[in-house]
Each structure stands twice: as structure tokens, then as C-alpha cells.
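In case you want the letters, here they are:
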Amino acid sequence: MVAIMAKLILMTGFLGAGKTTMMQSLLDNYSDKKVGVIVNDFGKVNVDYMTLKREGIFMEELSNGSIFCACIKDHFLTSLIHLSGMDLEYVFVEASGLADPSTMEQILKTISSKTISAYEYIGSICIVDAENFLGLYELLPAFERQILYSGAVIINKADLVTFQQIEEIKDIIQRCNPKASQYITSYCKVDLNQLMKEVSTPSIEGVETSNTPENRPKSVILEIVEELPYDSLLVFLRNIAKSAYRIKGFAPTDQGYLAVNAVGSSIHLDPIPELPDQRIVVISKIGIKMISLITEELNRNMPGKMKITI
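Since we're looking at a predicted model, the values are computed, not measured.

Trainee: Sorry if this is basic, but what is going on with unusual backbone geometry here?
Mentor: Comment: phi is negative for the bulk of residues other than glycine, and the bulk of peptide bonds are trans. For Asp 87, which is not a glycine, the phi torsion comes out positive at approximately 55°. Considering the arrangement of structural elements, one finds Asp 87 in the loop between α3 (73-83) and β4 (90-94). A positive phi is found at Lys 157, a non-glycine position, where the angle reads about 65°. Tracing the backbone through its elements, the reader meets Lys 157 in the loop between β6 (152-156) and α7 (163-176). Given a relative accessible area of 16%, Lys 157 falls into the buried group.

Trainee: Whenever I open this one, the sheet that holds strand β10 (residues 256-263) confuses me. Can you help?
Mentor: Pairing between the strands of a sheet comes from backbone hydrogen bonds, and it takes one of two forms, parallel or antiparallel. Taken together, the six strands give an open sheet; going across it, the order is β11-β10-β9-β12-β8-β13, and neighbouring strands pair in antiparallel fashion. The sheet terminates laterally at β11 (266-271) and β13 (306-309), the two strands that pair on one side only. Neighbour-to-neighbour, the strand axes of the sheet open up by a mean angle of 20°, direction not taken into account. In terms of strand pairing, strand β9 (residues 244-253) meets strand β12 (residues 279-284) through five bridges, oriented antiparallel. Within β12, the residue paired with Ala 244 across the bridge is Ser 284.

Trainee: It is not clear to me how the environment of Ser 210 should be interpreted in this structure. Could you clarify?
Mentor: Position of Ser 210 relative to the elements: it lies in the loop between α8 (192-198) and β8 (219-224). In this structure Ser 210 comes out as buried when scored by relative accessible area, which is 16%. Separated by 65 residues in the primary sequence, Ser 210 and Arg 145 place their C-alpha atoms 8.8 Å from one another. Setting aside residues up to four positions removed in sequence, Ser 210 forms contacts with Asp 100, Pro 141, Ala 142, Arg 145 and Asn 215.

Trainee: Explanation requested: the packing of helix α9 (residues 230-241) against helix α10 (residues 289-301) in the structure shown.
Mentor: Helix packing for two helices is described by the angle between their axes and how far apart those axes are. Packing of α9 against α10 brings their axes to within 10 Å, and their N-to-C directions diverge by 155°. Considering the angle they form, α9 stands roughly antiparallel to α10. For the pair α9 and α10, the sense of crossing is right-handed. The residues of α10 that touch α9, namely those facing Ser 232, Val 235, Phe 236, Asn 239 and Ile 240, are Met 290, Leu 293, Ile 294, Glu 297, Leu 298 and Asn 301.

Cut-off values and rules
Residues numbered from 1 in each chain as written. Predicted model: local features only at pLDDT ≥ 70, side-chain atom pairs only at ≥ 80, totals over all residues. Heavy atoms only, no water. Helix = DSSP H or I, 4+ residues; strand = E, 2+ residues; numbered from the N terminus. Buried < 20%, exposed > 50% of the residue type's maximum accessible area, 1.4 Å probe, protein only. Pairing = 2+ DSSP bridges. Axes fitted to C-alpha atoms, helices over the stretch in contact; angles between N-to-C directions. Contact = heavy atoms within 4.5 Å. Parallel < 35°, antiparallel > 145°, perpendicular 65-115°, else oblique. Left-handed = near helix turned anticlockwise from the far one by under 90°.

As C-alpha cells, this is what we get:
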């Protein structure tokens, strides 16, 4: 029997842009297909993997760095080689929010002699956070590279910004990558069949990724020891959020189990039926100083309720 050539789709997007929401929609849409997923989370705790995990999906979990950085790149190659022998129809790769995908096609060339069946690389979908894009775009080279090497760009959270902001974002994306299709959405609601038709591989040559062990932001893990007071948790998150690129995780509180998601001043505490984990990951803008800030805020708001693990 000849092995199936799996269609490979890469998904990139800034921290908190909506990649996991988009991935859930894709998995629902392709529920009748044999699908594999590689979920990459920058932190040591792979929150997205726990959110996406479901029956019937072949899943690989890659944590604690970007799949395009030397720190875990070998694990990414191993995962791709492993899934190539599963006779899958589609493989979706959700990269971390800080991923620079400039070397994606080179990676596929590297493993071509080791895969059981070759991949058909369809291209990359980039999710843009309209609410935070203008303030973050010039901070890290990876943000521009995600757009530059995408075949389609989804400008998400459009309901949270003005028409003028959307127009400014569209103009920046057009100048960066004029060949990429653009979609304006809220909650990543898009015609997936049309999107998949328009996704394409990049028309420019790959370059060395900007993801290196030296420039990776510091991440801090908070392990929850006792049930958290909802109001105190919210105050704590507000006080550290401006110093973090991203905060996410799961928490038991006096108002039930919650999924914690924060980007900038946008903080969401959403009820969940079960608690897959009880840790919160903080990706720092301020390096190691984040530990001191967290310690101070924990002592002030929730002494003894959470502890830092690194």
C-alpha cells in the first residue's frame, strides 16, 4: 500500500491572537479526516495542547521554546518524521506565539530522506491580534517574519478595535506581504474552505530564523497550591499583565474552574467544566525581573496560594 501524502499547514500568530481558537475550528471542520497536530508552546507547560487534546487526533506536544529554535528544533523534526508514517490526510502545526517560521521549507527538505511519506506543504496561516498588533509589531523580528512567510493572514479580534485601526493594520500587512490573502474576523470565524484554497507557500527564499536560545523571553510557571479567590486573582493578573507578553493557564477558584488568558490589558477568566491542570504560565517582557514582580504581587494579594517553579 502506498502511504498517503499528508497536506501540511503551519499556523503562526502573535501571542494570544487566537491560534488555538482557529485550530479548534479546523479540527471540527476536518473531523471526518485522519488528522495529526503538532502543538508548540513557548512555556514549559503546554496549555494549548491540553486545550486541543481530543479523541481520534494524532497529537505531538512540543514545549519550552520555539520549534524553529535550536533549543527544540530536533524534537520538531522527530515529530514530523513520526507523523509521516501515520497515513494522515492533514497535519496542522500550531507554532508558538514567538515563532519565526523563515526556515519551514528548509526543515521539510532536511527530513525528506527520513519521512515514510513526503509532506505536501500547503503554506502558513498567520493570525494577527488586531487589539495589540500596532503596539507589538516592531518589538520582535518574529512578528514581521510570521506575516512575511504566510499565505493568508487573519486579522482577528476586529470587534475590539476601530475601523481606522483595521485599515492601518491592513496597510502594514499589505506592505510586508502583498501576496497574502487577508481576512477580517472576530473569534477566527472564517470560511475555512475558502481559506484553504487561498493559502499558499511563500514566494521568497527562506532565511536564518531569528529564534535563538539567546533571545528567547523568560517564562515563569506558577503552581497553584490552594483554591484562589477570584477577585484577588484578577487584581494579581492586572498588576503583572503589563510586564508580560502573555499569561495563560488553568486555575481552581472560589467561582469555579477557570481558563486564564491575558495579553496586555486584555484579561479573560473563562469558566471550564474540568481542570486539566492547575498552573499558570507567564511569558515575561522584563526578563528575570518578572520573578521579583510576581513574588511581590503574590505576597500582597494571595500569600501562600501559588508558588513559583522555574
